[in-house]
Amino acid sequence: MPAHTEILKAVVPVAGMGTRLLPATKAQPKEMLPVGRKPVVQYVVEELQAAGVEQILFITGHKKAVIEDHFDTDPELVRILSSGGGYAMLEELAYTETETRFYYTRQSVPHGLADAVGHAEKFVASDPFVVALGDTIIKDHAGSSFIQEMIASHLHSGAACTIAVEEVDSEEVYRYGVVKPASGTDLTSDFDVEDLVEKPKPENAPSNLAIAARYVFDPVVFDAIHRTAPDRNGELQLTDSIRLLIQLGHPVRAIRLRPGEKRYDIGNFESYFKAFIDFSIADEKYGYLIRQYLKRKVREF
Ligand code: UTP
């Protein structure tokens, strides 16, 4: 089989319950919560498109059908806006006129991220693919694509899995899955991973490089997912599947977010609020006003 020179498929898991964001997520997906002007999952799709991905499979579940509507064209809305002179608003719908092909499959019970990715086995077939969590935005440098860099690294190294990692404060590692770099590794570029540790205590953490919601996999990951044992909550964890890959002798690598790039995890209120502030103050039209407003508010604290 010829070696792949690009990756055209991606999987976006969006089937989680989002319990940490209740009541906001009682009847709507957390992936549809707005950050600035767009729902979170639209940023995720745009990241994938910027990296050259052409086919995206969403792993959806209960109450997630609006995600399908969001990425579909809406001829009735287009007709109303066109006849009412709402051309500026029509431009906001340009994202639905895309060459990207969207596919949907359901994970009826959210049995964990590895189980969600396992639902993509037929879609992926024998191709390498990207996994991008639907509740996390990676803010790139303007005009460059971090996922594209991950793909290039993955195809060049021949790894079975390439994980995005972000440097976090040492006291914060207990919130994340953390990688253990192979000894003697130069951490300034992509590097070999020896192990992964889920939510370590700061004193036991093998590094402060946290897994950052983007992965590139070869289909061999499905063998590991099939062999992954459920955790004590009955869920299949993707970090356990990646550990299995390592134990089975497959190379797993990591690549760091570059300076100025940032991961925004929308899964809890603290990081959701921070994300909303950052995207609001960067808004082309309203950013200046919001910055002025915040300066006034800060003086009142
Ligand atoms: P989380 O780990 O944040 O889990 O999922 P969650 O269930 O959505 O949220 P809480 O813990 O109840 O608040 C990270 C991403 O993986 C998806 C989620 O939809 C989210 O985009 N996911 C998670 C699945 O698709 N299936 C799962 O079984 C678990």
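Bear in mind the structure is a predicted one, so any value in this text is a computation, not a measurement.

Section: the side chain of Glu-166
And then number 1: Checked against the element boundaries, Glu-166 lands in strand β8 (residues 161–167).
And then number 2: Classification of Glu-166 as buried rests on a relative accessible area of 12%.
And then number 3: Within the structure, Glu-166 has its side chain in polar contact with the backbone nitrogen of Arg-263 (distance 3.2 Å).
And then number 4: Ignoring sequence-local partners within four residues, the contact set of Glu-166 consists of Asn-208, Leu-209, Ala-210, Ala-212, Leu-257, Glu-261, Lys-262 and Arg-263.

Some words on a nonpolar patch on the surface
And then number 1: A contiguous nonpolar patch, built from Tyr-286, Tyr-288 and Leu-289 and spanning about 350 Å² of accessible area, is present on the exposed surface.
And then number 2: Secondary-structure assignment places Tyr-288 in helix α11 (residues 287–300).
And then number 3: Judged by its relative accessible area of 52%, Tyr-288 falls in the exposed class.

A word on the packing of aromatic side chains
And then number 1: In the structure shown here, the tally under the stated rule is 14 aromatic pairs.
And then number 2: Note on Phe-58 and Phe-71: the rings are 5.5 Å apart at their centroids and 25 degrees apart in plane angle, and the pair reads as stacked. Separated by 13 residues along the polypeptide, Phe-58 in strand β4 (residues 55–60) and Phe-71 in helix α2 (residues 65–71) bring together distant segments of the chain. Across the pair, Phe-71 and Phe-58 agree in class, each one buried.
And then number 3: Between Tyr-103 and Phe-123 the ring centres are 5.6 Å apart and the planes differ by 55 degrees, which places this aromatic pair in the tilted class.

Here's the deal with unusual backbone geometry
And then number 1: At the junction of Leu-22 and Pro-23, the peptide bond is cis and its omega measures out at 5 degrees in the coordinates.
And then number 2: By secondary structure assignment, the location of Pro-23 is in the loop between β1 (9–13) and β2 (34–35).
And then number 3: The phi dihedral of Lys-63 falls on the positive side, at around 65 degrees, and the residue is not glycine.
And then number 4: Looking at where Lys-63 falls in the secondary structure, it is placed in the loop between β4 and α2.

Criteria and thresholds
Residues numbered from 1 in each chain as written. Predicted model: local features only at pLDDT ≥ 70, side-chain atom pairs only at ≥ 80, totals over all residues. Heavy atoms only, no water. Helix = DSSP H or I, 4+ residues; strand = E, 2+ residues; numbered from the N terminus. Buried < 20%, exposed > 50% of the residue type's maximum accessible area, 1.4 Å probe, protein only. Polar contact = N/O pair within 3.5 Å; in protein donor to acceptor, adjacent residues only side chain to side chain. Contact = heavy atoms within 4.5 Å. Patch = residues over 30% accessible without salt bridge, like charges linked within 9 Å, V, L, I, M, F, W, Y side chains within 5 Å. Areas by Shrake-Rupley, 256 points an atom, 1.4 Å probe, with all protein chains shown as cover. Salt bridge = Lys/Arg side-chain N within 4 Å of Asp/Glu carboxyl O. Phe/Tyr/Trp six-rings, centres within 6.5 Å; stacked < 30°, edge-to-face > 60°.

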